[in-house]
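Take a look at the letters that make up each chain.
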Amino acid sequence: MSIIEHDYWGPKRIIPAVRKVEDLQAACRSDSPVVFLLIGDLLTVEDYIKQVQQAGKKIFLHVDFITGLGGDPIVMKFVAERLRPTGIISTKSHFVKHAKKNGLMAIQRIFLIDTSALEHGIHNIEQSGPDAVEIMPGLIPRVITKLCDTISIPIIAGGLIHDHSEITMALQAGASAVSMGSKRLWT
């Protein structure tokens with residue numbers, strides 16, 4: 001199944017974003033077929049990935065947050081061959097490009113703080129060729145709609161999502177899925 005299909009994200013289109021070790025099992029038990037992992041270091045991340053995979057879920061590793069990985073492009077070869085997640089998440093275009101070269105799916109995260117950041121983000125997306133884009137914050141329906149009209153890959157809304165009405169608003173604006181760290185919204 002392609003990441004472009006809405007079914008990829010599950011019927012609720014909610015993605016648990018694990019930011020604390022104690023939330024990992026809740027994400028594994030959630031209905032979501034996909035988990036975003038934003039914790040770990042070189043000594044722990046392999047075990048976290050295995051736990052999520054054993055729960056039958058796809059896992060995207062936010063490589064910018066994994067202590068000890070560094071910024072060298074060889075990191076993506078290590079991630080692909082040793083850690084073997086479904087894919088990665090990164091704000092860094094070169095990580096996205098190298099992940100794709102190493103057979104991983106890639107989600108580019110962009111922060112939309114103003115019009116310039118939006119334009120720069122679109123340029124980076126065009127250059128790096130991710131499979132999907134995660135926009136932060138995910139509370140701007142007008143911008144979600146504009147991005148959906150501008151680029152042809154899935155948009156994931158994330159950041160500052162605190163209730164179900166905000167999830168609904170992002171999905172109605174065109175987001176393919178919504179990621180959040182609040183485990184009370186995962187079910």
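The structure presented is a predicted model; accordingly, all values stated were derived computationally and were not measured. (Residues numbered from 1 in each chain as written. Predicted model: local features only at pLDDT ≥ 70, side-chain atom pairs only at ≥ 80, totals over all residues. Heavy atoms only, no water.)

### Details of the pattern of salt bridges
- Counted by the stated rule, this structure contains seven salt bridges.
- With a shortest N-O distance of 2.7 Å, Glu81 and Lys77 are connected by a salt bridge. Note that Glu81 and Lys77 are positioned in helix 3 (residues 74–83) at a spacing of four residues, about one turn of the helix.
- Taking relative accessible area as the criterion, Glu81 reaches 47% and is therefore assigned partly exposed.
- Residue classification places Lys77 among the partly exposed positions, given a relative accessible area of 36%. (Salt bridge = Lys/Arg side-chain N within 4 Å of Asp/Glu carboxyl O. Helix = DSSP H or I, 4+ residues; strand = E, 2+ residues; numbered from the N terminus. Buried < 20%, exposed > 50% of the residue type's maximum accessible area, 1.4 Å probe, protein only.)

### Thoughts on the sheet that holds strand 6 (residues 132–136)
- Read once around its circumference, the closed barrel built from eight strands follows the order 1-2-3-4-5-6-7-8, with strand pairing classed as parallel. On average, each strand axis in the sheet is inclined to that of its neighbour by 25 degrees, with strand direction left out of account.
- Sheet topology places strand 2 (residues 34–37) next to strand 3 (residues 58–62); four bridges connect them, and they run parallel. Residue pairing for strand 3: Phe36 is matched across the bridge by Phe60. (Pairing = 2+ DSSP bridges. Axes fitted to C-alpha atoms, helices over the stretch in contact; angles between N-to-C directions.)

### Comments concerning helix 4 (residues 93–101)
- Those residues of helix 4 lying buried are Ser93, Phe95, Val96 and Ala99. Viewed end-on, helix 4 has its buried residues packed into an arc of 160 degrees, placing them on one side of the element.
- Packing partners of the buried residues in helix 4 comprise helix 3, strand 4 (87–90), strand 5 (105–111) and helix 5 (115–128).
- Just downstream of helix 4 lies Gly103, where phi reads positive at about 80 degrees. (Arc of directions from axis to C-beta. Contact = heavy atoms within 4.5 Å.)

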